[in-house]
Structure formats: structure tokens, C-alpha cells
Amino acid sequence: MNQHIDPGTLRADDGIERGGMLLHVDNISLSFGGVKAITDVSFDVKKGEIRAIIGPNGAGKTSMLNVINGFYHPQEGTITFRGEKRRRMRPHRAASQGIARTFQNIALFKGMTTLDNIMTGRMTLMKSSMLSQAMWWGPAHREEIAHRETVEKIIDFLEIEHIRKTPVGRLPYGLQKRVELGRALAADPALLLLDEPMAGMNLEEKEDMSRFVLDVNQQFGTTIALIEHDMGVVMDLSDRVVVLDYGRKIGDGTPDEVRNNQAVIDAYLGVSHE
Amino acid sequence: MLYRETGDFKSSYATDQQTFPIRSERYLFWGAMVIAFLVVPFFINDYWEKSVLVPLLVWSMAALGLNILTGYCGQVSLGTGGFMAVGAYACYKLMTAFPDLNIFFVVILSGGVTAFVGMLFGLPSLRIKGFYLAVATLAAQFFLVWLFNKVPWFYNYSASGQITAPERTIFGIAVTGASAPPWATYLFCLTLVFLFAWMARNLTRGTLGRSWMAIRDMDIAAEIIGVQPLKAKISAFAVSSFYIGVAGALYFSVWLGAVEPTEAFGINVSFLVLFMVIIGGLGSILGSFLGAAFLTLMPVLLKNVMVGGLGWPTDLAAHFEIMLVGGLIVFFLIVEPHGLAQLWRLVKEKLRLWPFPY
Amino acid sequence: MVLQARGHGVSPDFLNFIETVLNGLMSGVMYSLVALGFVLIFKASGIFNFAQGVMALFAALTLVGLQTGQVPFAHLINAILGTDIHHWGPGLPTVLAILVTMLVMIALAFLIEKVVLKHLVNQEPIILFMATIGLAYFLEGMGDLMWGADVKALDVGLPSGGSFWWEDVTRAWAPEGADYFGMYIDTLDVSAAIIAVVLVVALTLFSQYTATGRALRAVADDHQAALSVGISLRSIWVIVWSIAGFVALVAGIMWGAKSGVQFSLSLIALKALPVLILGGFTSIPGAIVGGLIIGVGEKLAEAYVGPIVGGAVENWFAYMVALAFLLFRPQGLYGEKIIERI
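As the structure is a computational prediction, the values presented were derived from the model and not from experiment. (Residues numbered from 1 in each chain as written. Chains lettered and ligands numbered in written order. Predicted model: local features only at pLDDT ≥ 70, side-chain atom pairs only at ≥ 80, totals over all residues. Heavy atoms only, no water.)

Asker: I'd like a description of the UniProt feature "transmembrane region" (unreviewed entry) in chain B, backed by residues and values.
Answerer: Residue and element names in this part refer to chain B. According to UniProt, the "transmembrane region" (unreviewed entry) feature falls on residues 27-44, 50-69, 101-123, 130-148, 183-200, 234-258 and 316-335. Annotation note: span residues 27-44, helix share 94%, strand share 0%, distance between end C-alpha atoms 24 Å. Within residues 130-148, the helical portion is 100% and the strand portion 0%, while the C-alpha atoms at the span's ends are 28 Å from each other. (UniProt positions renumbered as here; feature names shortened; annotations may be inferred. Helix = DSSP H or I, 4+ residues; strand = E, 2+ residues; numbered from the N terminus.)

Dropping the structure here:
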């Protein structure tokens, strides 16, 4: 179903062809004190695809995302994003390079409205000076209005117009997840990391969310890497899947390949580790 | 005039973003401003100036500053007294070193100096958080007050260790010094407060304000979505200290005229401003004013009742006042932790539907 | 090397240095004592209790009031009713007065829980912190209203004054004929240090070996989990605040006996804060070691840095030390390394 995309909708033009390498994770190892969270994991994400990272609890999936967007610094290995190689980087640098994400436990700004939350997503794209902002006049005001227009499009897209001015702390869980997706989308990301976007949702909410994820991928052409526990969702949505267990990569390939991989089956059914 | 938003349609994002989106609220605000600027100056006398209105404006300014740091950016500071002292001493040094410089610019420059000092003391906030930071700001408080006490250069080697504001004029009318007319000092402070409150409102609704609030609500997530913690925190410290510095400059030059650091800028000042922000409402411009008004007016009222009305000795009244302020703070926190501004918001929500309950 | 054996004896400069360190350790113990009150409450309830210092003042005021037989609120009553009362009798004996004061502190803990904390459960830490500042003002005002604001002497029968024995011993260390008169150590400081050590040991034993102590540690670890196994958070809070009241009483007695009972007594709380950031808010050993470091550092700074920059450095020196320390180790002396998660 991903084959019929109009390439004209692709944004974040970085000279990488669709299907070319967007992100390369090379031999990443990460440990806290003596505890190894990730051991020598490598994989890649191609432009325009939906890439799933799966694995049992504690497999190191969220840590992997944290490494990709610079929140954790791996002891070994490198990340190559849009042809740029790095090991250590501040998270806000990663954000301004075009990596946006959502979180496992919703990390919205609870005291702010839906609108303001999504506007923060555009932070890296707003440049007006402090003095101009203090005057609320001239460039700052024009910029504010221009970005507001983009944000309103995202609000439309996610169907959350009615909660535009509600502080997000008051919203129900499912809507908060949606606002969080909106905040990530607002950054105009080249790579979107979704950490369990459907955790704790009922069937109907999952269907809604799956639709949004697919639409984002197809309409905007955004590359997506997602962590998800619901195997049905993963197998349906993703183009390729990487499987982690105890911090190691045990499988990588299309959903079908992964489904028939013996190591993956063992990990999920709980064969003892010798 | 009823408080209604029905029929008040917005057709552009610009009008949707204005400060008072509801028409009757707008009228109320501008009406109040007309009275403050055009009516009050004709009736003001010395008592109202020195005991009520100028204090109210100076404390509002300080509360605005602290609210930017604590209410919007979530960094608790107990160093307000110290930063006000920086504003006051910068003002004094500038007034005496450049007698021809207009007092308006002197006050603004004092704010700038304080902003710089505030940035320095804000640097630890990048490493430490929460109560650790609150305690660290006490270092600023004690160190700064000590500095102004001990280094004679700051008080121009005067024998008493005090600093005294010379007379300075705007458009030929004195606004500092003993002979300044009440209406002039009042209008001078009011203009500055109006100007800076408006700028505070603009800053807090724009990109910078959002980056502050993002850091306040969830600093890790904020950094991951692209807020630079360094920029957000240091700018909050700078802007906040600027306001507090201006407040300190006005406190010294316009209101008191002469100050001695330990008395005027002690830790009690830090707490007082913090209380104003809490009682008024964290993260609310209006709250800064309400809090300042409450804690400025209540002691005046209490004093009039207890000493004037009941004839108690002043020390007894003072103790009672301390106890009452403490009790009220606890009471407010229990009843409405989000302060007077939240109460006002609730009243407005009720008013919108009045006379129907739902 | 500072220590130079000149003939047979130790250089007076070095002896002075030792004296400064010893005095620093003594006052450090006192800081630890106040910091301990903070740590206890913070561990058990996550509240940074700013009122700890005022609680010490209030306890000391109450103790003196009971000892001398003052009528509480005498000034207020006189002002309202136009009467002239001040004392109800010769006062209570010291031991009884201390016991009654302890009862008052327990009642205070109970009231604080009932009137304040109960209503602030689940509020943000900053709100609770504010509430304790409000509480500090309230107690300060009430203490003054109850007992008057004048400076009072407090004597609970502890020895005080310089120790002649120690002076004689140390004088012999200096070389013959040197201009040195021995070390001055206040016996009151020594007894305060001993009492503080006993108190710390007792508290540690209490928290390690009693059921209540175990419940306290459970609550400190995880409120929710403790609640779910049937520990009553509210009674724990009353107990913790009572213990903090007891610590405040001891601190109040010591500081009060040393420099009189007056408003400035409540400022010892501010002295204890750098100790807290140095030792970490949640660590009892941190409070003790931090207190000693700050005490010694402060005395040394006063003796060696103070004269250069114009004196009175003790107000901020401790804060600067703690701040510098924090920049390199944000979790404090004994805190665990913070791993941030998202």
C-alpha cells in the first residue's frame, strides 16, 4: 500500500532519494554503570518507510530511541543521520536536524493549551529576536501567525479542533496521545520516532491512531520509526521490522521474515537463555 | 454591561491571539487604565503615594519579574532581595556617575546590569534543579547584600553606608528626591510598569514564553523536542532579573529615597515577593498584580484597624500581622493553590454563563 | 607543612589552626542537628520544611516561658482586656518544662497535619514548600505573641564557659616561652556535640530496628507502595513531624543556651541549608558529614579569608562552597547518580 505515494508531497528535501539511507545505526552499545542496555546493535532506516522496533519488555527499545535522538550517549558505535556521522549530541541539536518523537509515558506540557503544545513543536523553526517578541510587532508577529497557520493544519488533520484552547492536563488519555503526535508533526520532521503510540488504547482508538500514522507516512512522506507491542498493528503498518531482545538484535527484515524467524519466536515464547 | 463572548467572532489568527479576547473585558481594562493614568494623578496625596500606590507599583514590577522566572520557567528563586539590591545600587552608581543621564534611562540600564548579574547566578540552574536551585539562589541573596555592605565603592564611601537618591527630573519635573510631587513619581512608576507588563505579556505568549513553559512543565521532553535548556533558562533569568532590577531601582530612587542594604534588601524581601507571586498566581501576569496588591494593601489595612482602630501597641500589631500573613498564605495554598488569578478565571467562567448555572 | 617542631613543641600557628578546626567541628555538629530535622521530614514526606528553624525558636521560647512561668499571650490579653498579667507562678522545674514543651511540639505536629498537610496531599512540592514558609511566618508571629519578642536567657543546667583543663593541656604543647595561652573550647559546645551524637545514634537505631522506623523508611521509599501495604500516611506524618519537633527542641535548647532565645535563632535554618545541598536532602549521613564540612569550612574562612575581604563572610561562604560543590556533583555527597528517564 505504500507504493502509491505522490513523490510531490515529500518534504524535508535533503537530496536523499526515497528508499535511500536516512538513518544508519552502527554497532551501538550503551550501558548504565555495569548494566548493559544495548549491545552492538546495528540497523538502518530508509527514507519514506515505516520501520518498527519490537521486542519484549526491557529489550532496550526505548533506550535505542533515546540514543537516536541524542538523549543517551552510547559508549560505542555511531549514528549517521542524513549523511552526518555522530556519537554524542545534545537532544535539541537532533531536534533541529529533523528528528521528532513521541513518548511512551505522555510527555506533554501539562500547563499549556493544545495549541501552545503543538506550537512548541515548531520551536526549532522560529527565529525572531527577543526584542521583537517583546513588542509583539513586526517579524515576531508575522512569524507567529505564519506558524499558527501550519499548526492549524495539523490540528485539522488530527481532528482536535474542539480542544484547541484546553490545557492538555485536562484531556483524556487518547486525545493527549494525539496532541503529542501533533507536537512531533509540527516540527516538520525528516524522521519521526513513535514510542508505543497505541499503548493503553482501546480498539477504536488504535484504529484511529493507525490511520493517522499511515496518513502521516503517505500524505507527508514522513519516515517513521516506531515501537509497538501490538503485533497485529506492527505487522500491518510497518515495511520492515527490527527485533531486539536483552539489548541485542535478534531479527531484522520484512514482517513476514521476522514472523518466521526462530530466534524471534523463542524470544517471544520465552525460551530460556543459556 | 454583561460579560459575554457570544457574537464576538474572530476572523483572523491575530485577533484570536489578543490579550483580552472578550469585548467587555477589553472595555474594563482600558477603563481602568484611563482612571489610573488620567484620574488618579489629580487626587493623589503624599500618604497614598508613599504608603499605597508607589509600593503597589514597585512590588508589582518585582512580582512580574519573579513570576517570569518561577511561574513561567519553573525555577524557584529566593534571591529576589539580592537582585533588587543590584538594581538599586546600579541606579545609584549611574545617577551619581552620570548626573546628566535621564532617570528613565538610568532605571532601564540598572535593569540591564541586574539582568547580567542574574544570568551569572542563573548558570547553576543548568546543572541543578528544584530545591537545590532554590537554596543555591540564596547564595546570591547573601553574597550580594554582603557585597553592598562591605565594599565602600558601591555606596561612594559615604560615612553612614547608606545610599541616597539625588533629585532627577523628567521634562523638568522631579521624580526622585525629597521634593518630587506625588503625582509625578506615581505616573513615572505607572508608565514603566504599564510598559513592562505589556512586554511581559508579549514575551510569555510568544516563542520564548513557550520555551520557558516547556522547561517548567517537563524539561527533558522540552529538550528532546528542540528547546535549548541553556537559552531558555538563562533568558528567563535575564528577563526576570531585568524586571527585578528595575523594581529595585524604583524602590530605592523613587519610593524610599535612601536605603541601607541589610534592612531594605534582606531575605524577607525575597520571601515577600515570592508570596506575592504564589498568592497572585504562578504563571499569570494578572496574578503578579493581584498578589502585589494583596500583600501591599493588607498590612496597610491591618495597621489601620489594629493600631488606629483598636489602639494596640505597634509591636503587638506587627507580630499579629506576621502571624496573619503566614496563616493567610497557608489558607490560600489550601483553598486555591493557583492563586487569585485562578479565582478570577473561575469567576469569569461563572459570569459567562450567568444567570444559568450550566 | 604547617606543623614545625621548633625545639620541643608545636607552632602556635598550627595550634590556632587546630583550634579553629575543632570549633568548626563543634558548630558543624549543631548545623547537622538542624539539617537532620530537614532531612527527616523530607525523606518521609518529600516536604522541604522551611519552618524547621522557627520550630526550634518556638520550642525554645515555649521552654523558657514554662521555666519562668509566663502567661501565654499576656500582651495580647492585656491589650484587649486592659488587664496587666504576666506571670502565673514561679515556673516549672527544667525537666518538667522540657517534657511539657515536647508535648506542645507533638500537639503542634498533630495540628500541622490536621490543619495544613491533610489538605495539601498530592500538591506539587513547591506548593508544600510555600506552605511551610507560611507556617514559619505563622509560628514566628505566634511565638512572639505568646511569649513576647524580647531576648531571653535559657539555662537548662548544662555546663558552659571555656574549659580550663583543655586550655592547660594545650598550652603545654606549644614551645616554652611562646606567646600562646591554650585553646579555647566552650564546654557547652562539647556537651551539645555529645548530645547531638547520642541523638543521631538513637534516631538511626529507631529507624533501623523498630516497626515504626521500618514504616518510616517504607514511606520514604515509595508513598504509594507504603499506602498499599496498609501504612497510614497521616499517622506517619504526625510521627515524623513530632520527631522533627523533638530535634528542633534539642537544637533550640543548644542554640538558645549558647546565644539566648530570640528571633535570630530561627535563622539557624538558613545556616543548615548549605549543609543540605552538600549532603543531599535525603541522606542522614550526608547531613552529618555536610554539617561538619560546612562548620569547619566556615570557621576557617572566617579566620583566614574574612580579614582579607572585610569580614562577615560566614553569611554566604557556606553557600558558595555548597554551590561550587553542586556544580561538580549535582546529587550531593551521598545521593545516587541521577539517571534521567523519559
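Asker: Give a detailed account of helix 6 (residues 164-171) of chain C, specifying residues and quantitative values.
Answerer: Residues that lie three or four places apart on an α-helix share one face, since the helix turns once every 3.6 residues. All names here are of chain C. All buried positions along helix 6 are accounted for by W166, E167 and T170. Mapping the buried residues of helix 6 onto a view down its axis gives an arc of 105°, with all of them on the same face. Along helix 6, the residues that are exposed and aim more than 90 degrees away from the buried face are F164 and W165. On its buried face, helix 6 sits against helix 1 (12-45). (Buried < 20%, exposed > 50% of the residue type's maximum accessible area, 1.4 Å probe, protein only. Arc of directions from axis to C-beta. Contact = heavy atoms within 4.5 Å.)

Asker: Mind laying out the pattern of salt bridges, listing which residues take part and the relevant values?
Answerer: All names here are of chain A. For the structure shown, the criterion picks out 22 salt bridges over all chains. R51 serves as the salt-bridge partner of E49, at 3.9 Å between the closest nitrogen and oxygen. You'll find E49 and R51 in the same group, each marked buried. With a closest N to O distance of 3.8 Å, R183 and E180 form a salt bridge. One end of the pair is R183 and the other is E180, both in helix 6 (residues 173-186) and 3 residues apart, which spans about a single turn. In this structure, R183 and E180 share a single accessibility class: buried. A cluster of three or more residues bridged by salt bridges with shared partners is formed by D44, E49, R51, R240, K249 and D252. (Salt bridge = Lys/Arg side-chain N within 4 Å of Asp/Glu carboxyl O.)

Asker: Break down the pairing of strand 4 (residues 76-81) of chain A for me, citing the residues and quoting the values.
Answerer: Residue and element names in this part refer to chain A. Bridging between strand 1 (residues 21-32) and strand 4 involves 5 bridges; their strand directions are antiparallel. Note on strand 4: the bridge partner recorded for L23 is F81. Here strand 4 runs beside strand 5 (residues 84-86); their pairing, made up of 3 bridges, is antiparallel. Paired with T80 across the bridge in strand 5 is K85. Two successive antiparallel strands, strand 4 and strand 5, enclose a turn made up of 2 residues, where R82 displays a positive phi of approximately 50°. (Pairing = 2+ DSSP bridges.)

Asker: Which residues make up the sheet that holds strand 4 of chain A, and what values go with them?
Answerer: All names here are of chain A. Taken together, the 4 strands give an open sheet; going across it, the order is 2-1-4-5, and neighbouring strands pair in antiparallel fashion. Each of the sheet's edge strands pairs with one partner strand only, and the pair in question is strand 2 (35-46) and strand 5. Put simply, the sheet's adjacent strands are angled 15° from each other on average, direction ignored. (Axes fitted to C-alpha atoms, helices over the stretch in contact; angles between N-to-C directions.)

Asker: Could you give me a rundown of unusual backbone geometry, with the residues and numbers involved?
Answerer: Although it is not a glycine, D188(A) adopts a positive phi angle of roughly 60°. Its place among the elements puts D188(A) in the loop between helix 6 and strand 7 (191-195). One non-glycine residue, Y157(B), lies in the positive phi region at around 55°. In this structure, Y157(B) sits in the loop between helix 6 (130-150) and strand 1 (163-164).

Asker: I'd like a description of the interface of chain B and chain C, backed by residues and values.
Answerer: Counting residues at the interface gives 40 residues for chain B and 55 residues for chain C. Taking both sides of the interface into account, the surface hidden between chain B and chain C amounts to around 4300 Å²; carbon and sulfur atoms contribute 83%. The largest contributions to the chain B side of the interface with chain C come from F131(B), Y132(B) and W146(B), which together make up 17% of the buried area. Taken together, the connections running from chain B to chain C amount to 0 salt bridges. Counting across the chain B and chain C interface gives 1 residue pair in polar contact (both at pLDDT 80 or more). Contributing elements (two or more residues each) for the side of chain B that touches chain C: helix 6, helix 9 (219-224), helix 12 (267-280) and helix 14 (314-335) of chain B. The biggest single contributor to the side of chain B that touches chain C is helix 14 of chain B, with 11 residues. (Buried area = accessible area lost by both parts, 1.4 Å probe. Polar contact = N/O pair within 3.5 Å; in protein donor to acceptor, adjacent residues only side chain to side chain.)

Asker: Lay out the state of the cysteines in plain terms, naming residues and giving numbers.
Answerer: All names here are of chain B. Applying the stated criterion across every chain, the model contains 0 disulfides over all chains. Lacking any disulfide linkage, C91 is separated from the closest cysteine sulfur, that of C189, by 11 Å. A relative accessible area of 0% means that C91 is categorised as buried. (Disulfide = S-S within 2.5 Å.)

Asker: Give a detailed account of the environment of H338(B), specifying residues and quantitative values.
Answerer: Looking at where H338(B) falls in the secondary structure, it is placed in the loop between helix 14 and helix 15 (339-353). H338(B) sits in the partly exposed class, given a relative accessible area of 49%.

Asker: Lay out a nonpolar patch on the surface in plain terms, naming residues and giving numbers.
Answerer: Residues and elements named next belong to chain B. A contiguous nonpolar patch, built from L28, L286, W344, V347, L351 and W354 and spanning about 570 Å² of accessible area, is present on the exposed surface. Per-element accounting of the nonpolar patch gives the leading share, 3 residues, to helix 15. Inspection of the secondary structure puts L286 in helix 13 (residues 285-309). (Patch = residues over 30% accessible without salt bridge, like charges linked within 9 Å, V, L, I, M, F, W, Y side chains within 5 Å. Areas by Shrake-Rupley, 256 points an atom, 1.4 Å probe, with all protein chains shown as cover.)

Asker: Could you give an account of the packing of helix 4 (residues 80-97) of chain B against helix 6 of chain B, with specific residues and numbers?
Answerer: Residues and elements named next belong to chain B. Look at helix 4 against helix 6: their axes get within 7 Å of each other, and the N-to-C directions meet at 35°. In the crossing of helix 4 with helix 6, the sense of the turn from one axis to the other is left-handed. Packed against helix 4, whose contacting residues are T80, G81, G82, F83, A85, V86 and Y89, the element helix 6 presents A140, Q141, L144 and F148 at the interface. In terms of residue class, the contact of helix 4 with helix 6 is made up of 7 nonpolar, 4 polar and no charged. (Left-handed = near helix turned anticlockwise from the far one by under 90°. Nonpolar A, V, L, I, M, F, W, Y, C, P; charged D, E, K, R; others polar.)

Asker: Describe helix 8 (residues 211-221) of chain C, naming the residues involved and giving the relevant values.
Answerer: Residue and element names in this part refer to chain C. Among the residues making up helix 8, those that are buried are G213, A215, L216 and V219. Along the axis of helix 8, the buried positions cluster into a sector of 160°, meaning they face one direction only. Residues of helix 8 that are exposed and point over 90 degrees away from its buried face: A211, R214 and D221. Those residues of helix 8 that are buried are in contact with helix 1, helix 7 (187-209), helix 9 (223-228) and helix 10 (233-259).

Asker: Can you break down the packing of helix 3 (residues 46-72) of chain B against helix 7 (residues 182-205) of chain B residue by residue, with the values?
Answerer: Residues and elements named next belong to chain B. Orientation of helix 3 relative to helix 7, taken along the N-to-C sense of each, is 15°, at an axis distance of 10 Å. Classified by the interaxial angle, the pair formed by helix 3 and helix 7 is roughly parallel. For the crossing formed where helix 3 meets helix 7, the hand is left-handed. Each of D46, E49, L53, V54, L57, M61, L64, I68 and Y72 in helix 3 lies in contact with helix 7, whose residues at this interface are P182, T185, Y186, C189, L190, L192, V193, F196, A197, A200 and T204. Here the contact of helix 3 with helix 7 is built from residues that sort into 16 nonpolar, 2 polar and 2 charged. (Parallel < 35°, antiparallel > 145°, perpendicular 65-115°, else oblique.)

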